[in-house]
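Read off the chains here:
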Amino acid sequence: MPCQPDRDGRRTVVVTCALLLAPIVCCGLPLLIAGGALAGIGSLLNSAWLVGLAVIILAVATVIAWRARRR
């Protein structure tokens, strides 16, 4: 069975995007989930401390992602 090249390059684009998104999903997603959960719990409990902590976690996750993209 001969191997046919991917003429339009869609498979290459999909694989490249998946490889680029893997570290973000692996490392950044837990921080984003934790920040979102803390924000939700803080809003339910009317706790400004929990909402503030969630904002700090989300800001740290954003800075980490931004620095990783700069490299």
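Computed from a prediction, not measured in an experiment: that's the story for all the values here.

Turning our eyes to something else, we now look at the overall build of the chain. Helix and strand counts for the chain stand at 2 helices and 0 strands. Residues counted as buried form 7% of the 71 residues belonging to the chain. Summed over its atoms, the accessible surface of the chain is roughly 6,200 Å², and 71% of this surface lies on carbon and sulfur atoms.

Our next topic: unusual backbone geometry. Not every positive phi belongs to a glycine, and asparagine 46 is a case in point at roughly 55°. By the secondary structure assignment, asparagine 46 is in the loop between α1 (10-44) and α2 (48-70).

As a further point, take a nonpolar patch on the surface. A cluster of nonpolar side chains, Leu31, Ile56, Val60 and Ile64, forms an exposed patch at the surface whose accessible area comes to about 330 Å². Considering every element that reaches the nonpolar patch, the biggest residue donor is α2, with 3 residues. Mapped onto the secondary structure, valine 60 falls in helix α2.

It is worth spelling out the environment of alanine 54 at this point. In this structure, alanine 54 sits in helix α2. Residue alanine 54 is classed as buried on the basis of its relative accessible area of 1%. Taking the C-alpha atoms as reference points, alanine 54 and glycine 42, 12 residues apart in sequence, are found 8.3 Å from one another. Here alanine 54 is in contact with Gly35, Leu38 and Ala39, once residues within four sequence places are set aside.

About the cut-offs
- Residues numbered from 1 in each chain as written.
- Predicted model: local features only at pLDDT ≥ 70, side-chain atom pairs only at ≥ 80, totals over all residues.
- Heavy atoms only, no water.
- Helix = DSSP H or I, 4+ residues; strand = E, 2+ residues; numbered from the N terminus.
- Buried < 20%, exposed > 50% of the residue type's maximum accessible area, 1.4 Å probe, protein only.
- Areas by Shrake-Rupley, 256 points an atom, 1.4 Å probe, with all protein chains shown as cover.
- Patch = residues over 30% accessible without salt bridge, like charges linked within 9 Å, V, L, I, M, F, W, Y side chains within 5 Å.
- Salt bridge = Lys/Arg side-chain N within 4 Å of Asp/Glu carboxyl O.
- Contact = heavy atoms within 4.5 Å.

Purely geometric numbers; function is a separate question.
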